[in-house]
Amino acid sequence: MPEQVTVTLPDGKALTFPRGVTGGEIAAAIGPGLAKAALIITLDGKEWDLFRPIEQDAKIRIITRKDHESLELIRHDMAHVLAMAVQALYPGTQVTIGPAIEDGFYYDFARAEPFTPDDLPKIEEEMRKIIKAGLPTRREVWPRDKAIAHFKGIGESFKAELIASIPSDEDVSIYWHGTWHDLCRGPHFRTTAEIGDAFKLTKISGAYWRGDAKNAQLQRIYGTAWRDKKELDAYLTRMEEAEKRDHRKIGKEMDLFHIQEVATGQIFWHANGYTLYRALENYIRRQLVRADYIEVKTPLLLDRKLWEASGHWENYREHMFLAEVEDENRTLVVKPMNCPAHVQIFNEGLKSYRELPIRMAEFGSCHRYEPSGSLHGIMRVRGFVQDDAHIFCTHEQITPETTSFCKLLQACYKDLGFEEVRVKLATRPENRIGSDAVWDQAEKALAEATTAAGLEYLINPGEGAFYGPKLEFVLRDSIGRDWQCGTLQVDFNTAERLGAGYIAADGARHAPVMLHRAIVGSLERFIGVLIEHHAGKFPLWLAPVQVAVATVVADADAYAQEVVAALKANGLRVILDTENQTVNYKVRQHSLAKTPNLMVLGRREAENRTITLRKLGGEGQESLALEAAISMLSAEAVPPDLR
RNA sequence: GCCGUAGUAGCGUAGUGGUAGCGCAAUCCCUUGGUAAGGGAUAGGUCGUGAGUUCGAUUCUCACCUACGGCACCA
């Protein structure tokens, strides 16, 4: 064994130290500032505690707070501090796991008595004490059996189970912070003081052990943690902003929709909301016409037999709404999806390969009995409308059809105000139908088609539908949140199961391939996304009310009515406000209502046949001839695809 | 479905073992005001539903419903 090790820094500089030197010592050798700032090092790319000895030559990098990796490290250390605090305050609580996550961390505990929101400040306070105490960290490697016996012995059965599942060739490392210790892969900082105190505990939740609803339910405590107070405050402000644009809040403020107990998980669209809904629906419809789709409408109630044949009855019976009548001895299913119905239309008449592909679209009203806990505003509902379509095609057509759909979807998202779209390829799930050879083929076809459309994709393993793999299209909204909306799924099974066939060039009968696809997914959910994306300040073509005409004095009422009539005659959506109120008041009201254009009319305007226009969010106003204003706003209100 | 929290006037909220206030909105009156709340008056609530404890429950207890924050689920 050599007595020295040589470490190479990122700039290529090599330093030699006695064997067993630590990252902390190396940082100190380089400079006192770095010694203080260092958090951990990477050793040949592997994260390594500062206090852990280095036994061989390696390339190292010293990570400080400034490096982006530090956030995850802080959050992981913070999870440990949370666990320490909870075990100090609530003896007998078992620890399980506590990872760093986006924006923060959590820790799952096993404890008979539930935590309540009142506990959070107490736990936070205890955490601050632990951080302030600057407890030193120590790492030990234990034999597996010793570790299992130890944790069992102190009543930590979940930890013992975790250790038992660690591969036998991996070290079981134990980290100590003062006298508290935990099984952990590491790395950790030298002392708890280095973590900093830019954190806040945010919420409590139930969570299943190992993410499985069949297992025991643990109690999860979430927190957010940052490098400094400034970052923390920025995060908290960001959360407040997100709350302000919550679609449920804006839906109420702008009188778009409501949901009530008599129709749990379903939406009452008010006139304003339905205006937005129709604007979106009509937009999609125009794109479908352009892309050579046919549009159909199918029944809401379909005999159970059809769902048995399609395979859905077996897989999703408990999520279906059923309808029965006394006189008829049969069960009807309120359709949870449209595919079997579309196959019925396909099956009418004999189809030739010359007719394929047939692109059959429907704004399909679907109902699914979603678990009560999953309902969320208009984003996750039990009654919704899909912009659904099924492309009946040959195997050879899968790739070109998928490619052109990818392009269509990208164009639509752009029109709808979303620039960033990412794609995931969800592959075969455990519970599936069809042979592996068929799955291989389907997954390959999707991958190729996506690439051909100029899109990159990530693999989402095991997340496909039971009948085929799917592409999931994820858009990013104006505050950086991701939403999965569009989808394309390859299906080699359903058509065959439902007896669909076409006569191929060779004169034989073949089952068509079905591509299930949707651009926005559900109109309800997509409108929710649109609301939050725009914070209710919609582009003019989507805005439920496009212009508010408000009078300054009663003398202008007649002229205002004339202006409203002229705007309406040009297809603009207008409201008239002749209320006995001040201009200030009216400006405030219509601004808060997020009406994009406010025309203020007084004697001056009536005399000159002009209007004074104030744009939402703008500071000043401009005076325009009535005709000029109308043609300007009419042009602006044209949907993006018709410009 | 599971864990936790909550439900008071159209909306937002205060509060209490002796059946409820406030702000905005609404209605009426005064004011006709030129770009983010002019003034006054009036009306509006079986305090989510059902049961229990109590002389008495909106308040305490239980059950249910619904929503919210997560978990799980999402054809």
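Use the structure listed above.
All of these numbers come straight from a predicted model, not from anything done at the bench. (Residues numbered from 1 in each chain as written. Chains lettered and ligands numbered in written order. Predicted model: local features only at pLDDT ≥ 70, side-chain atom pairs only at ≥ 80, totals over all residues. Heavy atoms only, no water.)

Notes on the sheet that holds strand S13 (residues 180–183)
Strand order in this open sheet of three strands is S11-S12-S13, and the pairing throughout is antiparallel. Each having just a single partner strand, strand S11 (137–142) and S13 make up the two edges of the open sheet. Sheet twist, expressed as the average angle between the axes of neighbouring strands with direction ignored, equals 25°. Sheet topology places strand S12 (residues 172–177) next to S13; four bridges connect them, and they run antiparallel. If you follow Trp 176 over to S13, its bridge partner there is His 181. (Pairing = 2+ DSSP bridges. Helix = DSSP H or I, 4+ residues; strand = E, 2+ residues; numbered from the N terminus. Axes fitted to C-alpha atoms, helices over the stretch in contact; angles between N-to-C directions.)

Side note on the protein's contact with RNA strand B
Every one of the 56 residues lining RNA strand B counts as a neighbour, but Ser 205, Gln 217, Val 552, Asn 580 and Glu 605 are closest to it. Each atom of RNA strand B within 4 Å of the protein was assigned to sugar, phosphate or base; sugar and phosphate come to 49%. A distance of 2.5 Å separates a base nitrogen of RNA strand B from a polar side-chain atom of Tyr 208. Here Gln 581 contributes a side-chain N or O atom positioned 3.4 Å from a base nitrogen of RNA strand B. Counting residues per element, the ones that place at least two in the surface near RNA strand B are strand S14 (199–208), strand S15 (217–225), helix H8 (247–253), helix H11 (312–316), helix H18 (583–592), helix H19 (603–608) and strand S35 (610–615). A per-element tally of the surface near RNA strand B places H18 first, with seven residues. (Near = heavy atom within 4 Å. Polar contact = N/O pair within 3.5 Å; in protein donor to acceptor, adjacent residues only side chain to side chain.)

Things to note about unusual backbone geometry
The bulk of non-glycine residues show a negative phi, and the bulk of peptide bonds are trans. Here the residue pair Gly 186 and Pro 187 is connected by a cis peptide bond, since its omega of 0° sits within 30 degrees of zero. You can see Pro 187 is positioned in the loop between S13 and S14. Cis peptide bonds are those with omega within 30 degrees of zero, and the linkage from Leu 356 to Pro 357 qualifies with 0°. Looking at where Pro 357 falls in the secondary structure, it is placed in the loop between strand S22 (351–352) and strand S23 (358–367). Of note in the backbone geometry, Ala 535 takes a positive phi value of approximately 55° without being a glycine. As for its position among the elements, Ala 535 is in the loop between helix H16 (523–534) and strand S32 (547–551).

Brief notes about the pairing of S15
Within S15, eight of the nine residues are buried, which leaves it mostly tucked inside the rest of the structure. Inspection of the sheet shows strand S10 (residues 104–110) paired to S15 by six bridges, in the antiparallel sense. The residue bridging Phe 105 from the neighbouring strand is Gly 223, located in S15. Of the strand pairs in this sheet, S14 and S15 are connected by nine bridges, and their pairing is antiparallel. In the strand pairing of S15, Lys 200 is matched with Thr 224. (Buried < 20%, exposed > 50% of the residue type's maximum accessible area, 1.4 Å probe, protein only.)

Some words on the environment of Arg 643
Positionally, Arg 643 belongs in the segment after helix H20 (626–636). Considering only alpha carbons, one finds Arg 643 and Ala 29, 614 residues apart in sequence, at a separation of 66 Å. When residues no more than four places from it in sequence are discounted, the contact partners of Arg 643 are Trp 541, Ala 635, Glu 636 and Val 638. For Arg 643, the side chain forms a polar contact with the main-chain oxygen of Glu 636, separated by 3.2 Å. Polar contacts involving the side chain of Arg 643 include one to the main-chain carbonyl oxygen of Val 638, which spans 2.8 Å. (Contact = heavy atoms within 4.5 Å.)

A look at the pattern of salt bridges
Overall, the coordinates contain 47 salt bridges when judged by the stated rule. Of the charged contacts in the structure, one is a salt bridge between Arg 285 and Glu 295, with a shortest N-O distance of 2.8 Å. Here Arg 285 is found in helix H9 (residues 271–290), whereas its partner Glu 295 is found in strand S18 (residues 294–295), with 10 residues between them in sequence. Owing to a relative accessible area of 40%, Glu 295 belongs among the partly exposed residues under this scheme. (Salt bridge = Lys/Arg side-chain N within 4 Å of Asp/Glu carboxyl O.)

Overview of the nonpolar core
Membership of the largest hydrophobic core comes to 64 residues, with the highest contact counts inside it found for Tyr 413, Phe 473, Val 490 and Phe 526. Those residues in contact with Val 490 that sit more than four places away from it in its chain are Ile 398, Ala 442, Leu 446, Tyr 467, Gly 468, Pro 469, Val 513, Met 514 and Leu 515. Counting 31 residues, the second-largest nonpolar core is a separate cluster that includes Met 78, Tyr 90, Phe 109 and Trp 180. (Core = buried A, V, L, I, M, F, W, Y, C linked by side-chain atoms within 4.5 Å.)

Quick word on the side chain of Thr 403
Following the sequence through the fold, Thr 403 ends up in helix H13 (residues 395–415). Setting aside residues up to four positions removed in sequence, Thr 403 forms contacts with Ala 449, Ala 452 and Ala 453.

Notes on the sheet that holds strand S19 (residues 301–303)
One open sheet accounts for three strands, arranged S19-S21-S20; its pairing is antiparallel. A strand with exactly one partner marks an edge of an open sheet, and here the two such strands are S19 and strand S20 (321–323). Each neighbouring strand pair of the sheet contributes to a mean axis angle of 40°, computed without reference to strand direction. In this sheet, strand S21 (residues 332–334) lies alongside S19 in antiparallel orientation, the contact comprising three bridges. Its bridge partner being in S21, Leu 301 is matched across the sheet by Val 334.

Concerning the packing of aromatic side chains
In this description, a pair of aromatic rings is defined by centroid distance and the angle of the planes. Taken as a whole, this structure holds 17 aromatic pairs when the rule is applied. With centroids separated by 5.7 Å and ring planes inclined at 85°, the aromatic side chains of Phe 321 and Tyr 369 adopt a geometry described as edge-to-face. Taken as a pair, Phe 321 in strand S20 and Tyr 369 in the loop between S23 and strand S24 (383–393) lie far apart in primary sequence, 48 residues in all. For Tyr 369, a relative accessible area of 39% corresponds to the partly exposed category. On the numbers, 4.5 Å between centres and 20° between planes, the contact of Phe 346 with Phe 392 is stacked. Of this pair, Phe 346 sits in helix H12 (residues 339–347) while Phe 392 is found in strand S24, placing the two residues 46 residues apart along the sequence. (Phe/Tyr/Trp six-rings, centres within 6.5 Å; stacked < 30°, edge-to-face > 60°.)

Read these as layout, nothing more, since geometry by itself doesn't imply function.
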